[in-house]
4 protein chains.
Amino acid sequence: MSADQNALPELGVAVVGHSFMGAVHSHAWRSVDHVGTPRFRTRRVALAGRDAARAQAAAVQFGWEEGVDDWRSLIERDDVQVIDILTPGDSHAEIAVAALEAGKHVICEKPLAKDVAEARRMTEAAQAAAAKGVRSMVAFNYRQVPAIGLAKQLVDAGRLGEVRQVRAVYLQDWIVDPDFPLTWRLQKDRSGAGALGDIGSHIIDAAQFITGQRLTGVSGTVETFVKRRPLEATRTGANTGLGAEASSEYGDVTVDDAAVFFGRGDGGALMTFEATRMALGRKNGMRIEVNGSKGSVAFDFESMNELHFFDGTLPAAENGFRRILATEPEHPGVSNWWPAGHGLGYDHPFVHELQEFLGAIADERDPSPSFADGLQVQQVLEAVQRSAENDSAYTQI
Amino acid sequence: MSADQNALPELGVAVVGHSFMGAVHSHAWRSVDHVGTPRFRTRRVALAGRDAARAQAAAVQFGWEEGVDDWRSLIERDDVQVIDILTPGDSHAEIAVAALEAGKHVICEKPLAKDVAEARRMTEAAQAAAAKGVRSMVAFNYRQVPAIGLAKQLVDAGRLGEVRQVRAVYLQDWIVDPDFPLTWRLQKDRSGAGALGDIGSHIIDAAQFITGQRLTGVSGTVETFVKRRPLEATRTGANTGLGAEASSEYGDVTVDDAAVFFGRGDGGALMTFEATRMALGRKNGMRIEVNGSKGSVAFDFESMNELHFFDGTLPAAENGFRRILATEPEHPGVSNWWPAGHGLGYDHPFVHELQEFLGAIADERDPSPSFADGLQVQQVLEAVQRSAENDSAYTQI
Amino acid sequence: MSADQNALPELGVAVVGHSFMGAVHSHAWRSVDHVGTPRFRTRRVALAGRDAARAQAAAVQFGWEEGVDDWRSLIERDDVQVIDILTPGDSHAEIAVAALEAGKHVICEKPLAKDVAEARRMTEAAQAAAAKGVRSMVAFNYRQVPAIGLAKQLVDAGRLGEVRQVRAVYLQDWIVDPDFPLTWRLQKDRSGAGALGDIGSHIIDAAQFITGQRLTGVSGTVETFVKRRPLEATRTGANTGLGAEASSEYGDVTVDDAAVFFGRGDGGALMTFEATRMALGRKNGMRIEVNGSKGSVAFDFESMNELHFFDGTLPAAENGFRRILATEPEHPGVSNWWPAGHGLGYDHPFVHELQEFLGAIADERDPSPSFADGLQVQQVLEAVQRSAENDSAYTQI
Amino acid sequence: MSADQNALPELGVAVVGHSFMGAVHSHAWRSVDHVGTPRFRTRRVALAGRDAARAQAAAVQFGWEEGVDDWRSLIERDDVQVIDILTPGDSHAEIAVAALEAGKHVICEKPLAKDVAEARRMTEAAQAAAAKGVRSMVAFNYRQVPAIGLAKQLVDAGRLGEVRQVRAVYLQDWIVDPDFPLTWRLQKDRSGAGALGDIGSHIIDAAQFITGQRLTGVSGTVETFVKRRPLEATRTGANTGLGAEASSEYGDVTVDDAAVFFGRGDGGALMTFEATRMALGRKNGMRIEVNGSKGSVAFDFESMNELHFFDGTLPAAENGFRRILATEPEHPGVSNWWPAGHGLGYDHPFVHELQEFLGAIADERDPSPSFADGLQVQQVLEAVQRSAENDSAYTQI
């Protein structure tokens, strides 16, 4: 912090999309200059949506100067240097490639694309752009949760020893009701995949991020328990959640409700995964446990400010998992915020994510995770689907 | 939300103070127009501190137009309609009374004042101002935690039956280290009281808020375990936490490290309280459990998105405390934010608090809790201290 | 263990009482020769009750050779060396003094007596008997829970540093229903006290046992929320629980439903206590937390195989309460039983208690806790009642 | 209970084996006549081991009349009606078949045998014996945990609706230390399998028991992280745990350390499983969660007295998993024991298991689970191993 903050360079930002992720990212963009050490004075130039009136209303609500119905116009503007992509997965590639080619830095929601081919195209565009100093990043926000960052630090410091096992689940229940409508997230041509892509991508990334091991093969299966659902009624107004209204017509669900798989990391770890939207009672149970030869860590997003750590080097008679409140200033991202014990919420890691992105732009380095990282996750997702279609046989990535 | 949001009336805000509460309130002021249904376009006019340079730096960091070293100048400004008081307790009365007399709406951090006399003076000023449409509010932020609001709703709906017992503790450990310096919070003439006033006031307010019962008498004791501490080194830069640096000189600690007391509510409940900064390992353990004839609720701020509810009307064989994730849209304040399971952090309830304050200004009603509520808590604090000085004898409030 | 076990001396045991504690102690007597290192071959000679038929039935069920209706006859028998007293508190003194004078070793349930005078008489008899090699012990079973033993070990080893605060509660809910009848536990002339004596005595003993500090004074209050209850219907058959059947007549409840108090230990600790049978949803919530200058421990009997330990000497960034499963062979009493993670239940500590008692007899030493320890707890209970009757004024013990 | 208990028929029992399971079963046999409603006066006739001296010592310690070194002699005795088999898996078939053919009722530890062929032979012998009124049972003790019985009751009562997902893990860590020796449990020819057979069999049985669905196919993999270990030193004395001493020679570990697999139930449920002895910090983490269309349950043996139940029919705003203390008299098996909140330990369900076995003998019905149930679990284990050997391809059972 310093009085020189006003002297920081200005950076124009535009977002594409204004539903759930639009609300969260906008909140993060409003905060990013006011916590930690800002690198730019960000200007929230415009928000784009498909419908002009709704985009304008969202721009006012979320604090953007303008709302527009044409994301292409944003790319042409000189006062926009950053494009933040928050749309359904089927439009990521088109927007990202166009933005990168126009020299705009791009941050894109996960999963990177709706399939590997598109993800590869985006990654190639990102690499070409990087050569010209244009930055790109895929928004795996859970990496930025302090407790998850701490887990990674412990692994990196050797405190877990040789990492042997990972069990990662992502449990939600928002579509248990068979009358929940067929939103874009339940349509393969819009989203690419169901629970597997939407939340499975998070735990694949988190497991690889924490352990430093990449999956080399997987065996899996998927299931759709509710096979037909009412179509979604036409929406009016903003929708900052996952909810939707049902019409009286029905359509086929074309994505999985649940996916389970296991795999091997390139460092020898045996990893299990489950992504489901049918775990009744679990709201956002993104859980990961890592067991090594010297220690273990366990995390559950429903208690996101806690990391449970077992240090196997302590005497057995006084040992146990310790519940670390990941709210100490030493924990990744925490020094931006409040004193110990005054925990963070779902949105704070999005600020950390923007800090990483803006820091990379300022420092002229590539932010992490890259589009290439997003592509690799997409390859894992595709390998799971291939395994599922091939009698669950083990499938190389 | 609507495009008419730009047509909302402007409201100029100024804050006095820029340490921990300055950071939190500033963050809330930045968000309050962008979540839920805004009532004003708030303008963050100025931040006041004791030192001009530090105030200016803080203003830049926290997003205020100006930083000034004279809070009185803010009261004279026509473009300021709201004063937010975040200073140590010994200056609350002077600032609040002056602001209210100048016709400024005032929101003031808790405890309301450093003693009952000052709190009474503030309350009288608030009542005089209210007659002229000037609003005032004391900032008991924990009332705005969704899980605590839900607890109150359950009590109000009769789900707990007759409320019989309350056990409330507020456990912290940030001064266990005897080398932690003698900051203003450890000096009676600056803060009025120690753990009792700082965090005891929170659990007194929360217990009364949830149960709807006011304490009528108390019996208590206080303790100072570390009786001398190093003086605080001169501070440079902002300090958004509770930390401080020590000098080599020592001084007497003049407030309590811990206070314990019990009392009776005007509805017959037996309530116990403990406020301590010496509970090693507990970072912000603000916990409250309420037992009634039909149900019970339990809360711990270290897991702030959870309320544990026991509904005694269910069959014993399938009954137990249920862990409600207080992240459903029906829960107080939650519809401003994210989908179920995507929890909030320490700062979000401060936004709810500002929403209550601004809503009251817009609706020309008195916000809650009032300065009179703050005075009553101050009277409880004083009764505890009198009891402690009188062999713990039961003391009427 | 050895083939010489059959060569161990025989020891004849008789129990007086056969309701809840009769069932638990009988179960422990059946096991005590078969776990750990037995010191005697115990012979379960007789069980005494008030009614011959019910005593005989209970003897058969619980595995005693005979059932009798006259406890005095047991004292006269040469084949009985041990009397185990499990009756309501009003008969403890008479039975214990008679047994000790007859040279029988005595183990007596807690609280030791129904008042201080009786407890003192028992203690004098115990001391006179001890001079002749006759042993006596008061049955504070929670001392024998491995997790509580571990807590004491940590304190004794200095791992908590200077013990500063204790918060102990014992939360039950079995009389929330106003139709629960007026059993002996709710009658002052039978039981001596209500929640205060029955379960308050447990947490007083546990707090003093773990910390090694004795209470020097207390301030407290008591409450009876349900003031009249149906009389108890005549009972038929054994009753191994706390339940009872109601008649249509009513009587006055003469004991407390809840008691709260705080006090000071002779080592400077500030301690708070609550004993209640009205904490709806809490079944056997005997909880104790101890905070010292270097560490803290926390225990809840509802998770009796866990001790939570905070070691304040570890770095803050990786510190937290660790959940020790107190099921390691190093933990007190555990080596009698199962491998790590295969936890114990409510009854196992009663075996440990008998092992201590029998070990003391075999080794010709006094077992712990002694009748004098039981008397001291009784003095604390009485001080709480005096304080409660005297406007909660602080009362020396 | 009644005075007629002495008139119950006598039943002679003999156990084969005296290590960990010998200690647990002996403890259960000592209690089974003294809790609940006994059906026999059981006589603990003899204990058999491989070594006469050690068997005799164990008999004395564990409370059996004789210790012998020849299990065949027990089968020939007229005063033995029951054989309880507690040996390593490679001897189950031989002992069980001989005993059944001799007309002895047999209870046999799990997994039923070391492979499917032996399990099938045992099942055929059991069915032949059943025709003559001779009973047999496989000892899946976790079925008898009250919380697991309650889970099954909730499923059976339709409270979970259509069961869709199961996630079951059994996490231990007792062989993380590479110096832990090569005991019989780590040798394929003695035990049949590693974690998969030993603890995987428990979660397969529990998942099928609770849901009422049988696995129809599986896909899995196995891993041995520590491939060579020191041989076990010659043992002296009893060993009631899992521990062992190491010699200086090494041998190959021939079983898995960890196994992961998923499968489909015949009612459409998607189930995931993991059995591991390498989950550092997890001592006996036998966990199972079941999600249905209307409700969910979750269990963890490390908190064995709790069942967490989510009743999806309650309003979302007050819903959550409720922590049922499975210690109410209505819960399966609990009425044998203590009042609510006074939990059970690892050994109590073994008493329930014997009660089921003895009740079936008395009532002339087949106990549950049967050898046929044990065979089916063995078939699942074998299918997992075949899948693991065949690139994890989905394998019918």
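Provided above is the structure to which this section pertains.
A quick note: this is a predicted structure, and the numbers were derived from the prediction, not measured. (Residues numbered from 1 in each chain as written. Chains lettered and ligands numbered in written order. Predicted model: local features only at pLDDT ≥ 70, side-chain atom pairs only at ≥ 80, totals over all residues. Heavy atoms only, no water.)

**Regarding the sheet that holds strand β5 (residues 105-109) of chain A**
Residue and element names in this part refer to chain A. Pairing is parallel in the open sheet, where 6 strands are placed in the order β3-β2-β1-β4-β5-β6. Strands at the two margins of the open sheet, each flanked by one partner only, are β3 (66-68) and β6 (136-139). In this sheet, adjacent strand axes meet at a mean angle of 20° when their direction is disregarded. Bridging between strand β4 (residues 82-85) and β5 involves 4 bridges; their strand directions are parallel. Looking at β5, one finds that V82 is bridged to H105. (Pairing = 2+ DSSP bridges. Helix = DSSP H or I, 4+ residues; strand = E, 2+ residues; numbered from the N terminus. Axes fitted to C-alpha atoms, helices over the stretch in contact; angles between N-to-C directions.)

**Overview of empty space enclosed by the protein**
Residue and element names in this part refer to chain A. Scanning the model with the defined rule gives 10 cavities of 30 Å³ or more in all. Considered as a void within the structure, the second largest cavity measures approximately 370 Å³ in volume. For the second largest cavity, the lining is made up of 30 residues, of which M21, K110, W184, R185 and D198 are closest to its centre. Secondary structure elements with two or more residues in the lining of the second largest cavity: α1 (20-31) and α8 (195-211). The biggest single contributor to the lining of the second largest cavity is α8, with 4 residues. When grouped by side-chain class, the residues that make up the lining of the second largest cavity number 14 nonpolar, 11 polar and 5 charged. Both domains that meet at the lining of the second largest cavity, namely domain 1 (3-139) and domain 2 (142-344), each give it at least three residues. (1 Å grid on protein atoms, 1.4 Å probe; cavity = no way out; pocket = protein on both sides within 12 Å on 5 of 7 lines; lining within 4 Å. Points joined across faces, edges and corners; volume = space filled by probe spheres on them. Nonpolar A, V, L, I, M, F, W, Y, C, P; charged D, E, K, R; others polar. Domains from an automatic or database assignment.)

**Side note on the interface of chain A and chain D**
In many reports, interface size means the accessible area that the parts give up when they come together. Contacts between the two partners involve 44 residues from chain A, matched on the other side by 44 residues from chain D. Summing the contributions of chain A and of chain D, the shared interface buries around 3400 Å²; its carbon and sulfur component is 55%. Seen at the junction of chain A and chain D, the total is 6 salt bridges. Notably, a salt bridge pairs E223(D) with R264(A), separated by 2.1 Å at the nearest N-O pair. Summed over the shared surface of chain A and chain D, the result is 19 residue pairs in polar contact (both at pLDDT 80 or more). Secondary structure elements with two or more residues in the side of chain A that touches chain D: β7 (163-171), β8 (215-223), β11 (258-265), β12 (270-276), β13 (285-292) and β14 (295-300) of chain A. Class assignment of the residues belonging to the side of chain A that touches chain D gives a composition of 18 nonpolar, 15 polar and 11 charged. (Contact = heavy atoms within 4.5 Å. Buried area = accessible area lost by both parts, 1.4 Å probe. Salt bridge = Lys/Arg side-chain N within 4 Å of Asp/Glu carboxyl O. Polar contact = N/O pair within 3.5 Å; in protein donor to acceptor, adjacent residues only side chain to side chain.)

**Here's the deal with the interface of chain B and chain D**
Taken together, the contacts link 18 residues of chain B with 18 residues of chain D. The largest per-residue losses of area from chain B upon contact with chain D belong to A317(B), E318(B) and R322(B), which jointly make up 44% of the total buried on that side. Inspection of the chain B/chain D interface yields 4 salt bridges. Among the ionic pairs, E318(B) bridges to R159(D), the shortest N-O distance being 2.7 Å. Inspection of the region where chain B meets chain D yields 8 residue pairs in polar contact (both at pLDDT 80 or more).

**Quick notes on the side chain of N291(C)**
Its place among the elements puts N291(C) in strand β13 (residues 285-292). Judged by relative accessible area, N291(C) falls into the buried class, the value being 0%. At a separation of 3.2 Å, a polar atom in the side chain of N291(C) contacts the side chain of E289(C). Dropping the residues within four chain positions of it, N291(C) is found in contact with M278(B), A279(B), L280(B), E162(C), V163(C), R164(C), Q165(C), R167(C) and S296(C). (Buried < 20%, exposed > 50% of the residue type's maximum accessible area, 1.4 Å probe, protein only.)

**Section: the side chain of S219(D)**
Topologically, S219(D) is positioned in strand β8 (residues 215-223). You can call S219(D) buried: its relative accessible area is 0%. Reaching out from S219(D), the side chain makes a polar contact with the side chain of S219(A) at a distance of 3.3 Å. Of the polar contacts made by the side chain of S219(D), one reaches the backbone oxygen of S392(D); its length is 2.4 Å. Look past the residues within four positions of S219(D) in its chain and what remains in contact with it is S219(A), F262(A), S392(A), V260(D), F261(D), F262(D), S387(D), S392(D), A393(D) and Y394(D).

**Details of the relation of the copies chain A and chain D**
One copy of the chain maps onto the other through a rotation about an axis followed by a shift along the same axis. Each copy of the sequence occupies a distinct position, and chain A is placed on chain D by a rotation of 180° and an axial shift of 0.0 Å, giving an RMSD of 0.0 Å. These values place the two chain copies in the arrangement generated by a two-fold rotation axis. Rotation axis and chain A: the residue whose C-alpha lies nearest the axis is A393(A), separated from it by 2.1 Å. Interface overlap between copies is the fraction of interface residues in one copy that are interface residues in the other; for chain A against chain D it reaches 100%, indicating a shared surface. (Least-squares fit on C-alpha atoms with pLDDT ≥ 70 in both.)

**Some words on helix α6 (residues 146-156) of chain D**
Residues and elements named next belong to chain D. The element α6 is extensively covered by neighbouring structure, given that 8 of its 11 residues are classed as buried. Residues of α6 that are buried include every one of P146, A147, I148, G149, L150, A151, L154 and V155, and no others. Residue G158 follows α6 closely and has a positive phi angle near 80°.

**Considerations on the sheet that holds strand β5 (residues 105-109) of chain C**
Residue and element names in this part refer to chain C. Ordered by their spatial adjacency, 6 strands build an open sheet running β3-β2-β1-β4-β5-β6, and the pairing between neighbours is parallel. Each of the sheet's edge strands pairs with one partner strand only, and the pair in question is β3 (66-68) and β6 (136-139). Shown here is a sheet whose adjacent strand axes are inclined to one another by a mean of 20°, direction ignored.

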